[in-house]
Amino acid sequence: MAQSAFLNDAAYGVQDHVALMAAFAVAGALPIAAIFLFKNRGVQMRLALFSTIAAIVGSVLTVVLFMQEGLNKSKEVINDGMGLYMAIAALVFTLLAYRFVNKDEKLVRSADRLR
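Residues numbered from 1 in each chain as written. Predicted model: local features only at pLDDT ≥ 70, side-chain atom pairs only at ≥ 80, totals over all residues. Heavy atoms only, no water.

1. Details of the side chain of Ser-51
1) Next: Position of Ser-51 relative to the elements: it lies in helix α2 (residues 41-72).
2) Next: Residue contacts for Ser-51: discarding those within four places in its chain leaves Ala-27, Leu-30, Pro-31 and Thr-94. (Helix = DSSP H or I, 4+ residues; strand = E, 2+ residues; numbered from the N terminus. Contact = heavy atoms within 4.5 Å.)

Structure (structure tokens):
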């Protein structure tokens, strides 16, 4: 069986696979870009949804890669760090951002109707 560089250090991290780095980089960059688009709430909501999708894809890819390589190296203890919980926190905060931007958009539309 060929040894891969994945999980060689017994620490499971984003740097172990290029696809993980790409998915979580997109999931992190989109909300930062959305902060500066405060005048365009529609784009902010779309960016929040794309960021959520990227975080979900990254999380699913993380589990799939861990299961594939974790079964081959079942003798070793894998240390999960803060990165596992940061991905979950990113999902929660991105969904909250989407919810409140949508709420703000509805408030602005209802105020426009009163004019």
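2. Remarks on the environment of Ala-90
1) Next: By the element assignment, Ala-90 lies in helix α3 (residues 82-114).
2) Next: Among the residues examined, Ala-90 registers a relative accessible area of 32% and is labelled partly exposed.
3) Next: For the pair formed by Ala-90 and Phe-24, sequence separation is 66 residues and the distance between their alpha carbons is 9.8 Å. (Buried < 20%, exposed > 50% of the residue type's maximum accessible area, 1.4 Å probe, protein only.)

3. Focus on the environment of Thr-62
1) Next: The topology assignment puts Thr-62 in helix α2.
2) Next: Overall, the relative accessible area of 18% leaves Thr-62 in the buried class.
3) Next: Note: C-alpha distance between Thr-62 and Ala-19 (43 residues apart in sequence) is 9.3 Å.
4) Next: Here Gly-58 takes part through its backbone oxygen, which lies 2.6 Å from a polar atom of the side chain of Thr-62. (Polar contact = N/O pair within 3.5 Å; in protein donor to acceptor, adjacent residues only side chain to side chain.)

4. Observations regarding α3
1) Next: For α3, which comprises 33 residues, the first-to-last C-alpha distance of 48 Å matches the rise-based estimate of 48 Å (1.5 Å per residue) to within 8%.
2) Next: Those residues of α3 that fall on the buried side of the exposure criterion are Ala-87, Leu-91, Thr-94, Val-101 and Glu-105. (Expected span 1.5 Å × (residues − 1).)

5. Brief notes about a nonpolar patch on the surface
1) Next: Taken together, the side chains of Met-82, Leu-84, Tyr-85, Met-86, Ile-88, Val-92, Phe-93, Leu-96 and Phe-100 make up a nonpolar region of the molecular surface, amounting to roughly 930 Å² of accessible area.
2) Next: Tracing the sequence through the fold places Phe-100 in helix α3.
3) Next: Phe-100 gets classed as partly exposed once you look at its relative accessible area, which sits at 43%. (Patch = residues over 30% accessible without salt bridge, like charges linked within 9 Å, V, L, I, M, F, W, Y side chains within 5 Å. Areas by Shrake-Rupley, 256 points an atom, 1.4 Å probe, with all protein chains shown as cover. Salt bridge = Lys/Arg side-chain N within 4 Å of Asp/Glu carboxyl O.)

6. Details of the side chain of Thr-94
1) Next: With respect to the element layout, Thr-94 can be found in helix α3.
2) Next: When neighbours within four sequence positions are excluded, Thr-94 is seen to be in contact with Ala-48, Ser-51 and Thr-52.

7. Focus on the pattern of salt bridges
1) Next: Within the structure shown, the criterion is met by three salt bridges.
2) Next: Between Asp-104 and Arg-41 there is a salt bridge, with the nearest N and O atoms lying 3.9 Å from each other. Taken together, the positions of Asp-104 in helix α3 and Arg-41 in helix α2 put the pair 63 residues apart, joining distant regions of the chain.
3) Next: Exposure remark for Asp-104: the relative accessible area of 35% places this residue in the partly exposed category.
4) Next: Note on Arg-41: relative accessible area 18%, which makes it buried.
5) Next: Taken together, the shared-partner salt bridges in this structure form one network comprising Arg-41, Asp-104, Glu-105 and Arg-109.

8. Focus: helix α1 (residues 18-35)
1) Next: Relative to the 26 Å expected for 18 residues at 1.5 Å per residue, α1 spans 26 Å between its end C-alpha atoms, a close match to the ideal helical length.
2) Next: Buried within α1 we find Leu-20, Ala-23, Ala-27, Leu-30 and Ala-34. Taken down its axis, α1 places every buried residue within 110° of arc, on the same side. α1 presents Val-18, Ile-32 and Ile-35 as exposed residues on the side facing more than 90 degrees away from its buried surface. (Arc of directions from axis to C-beta.)

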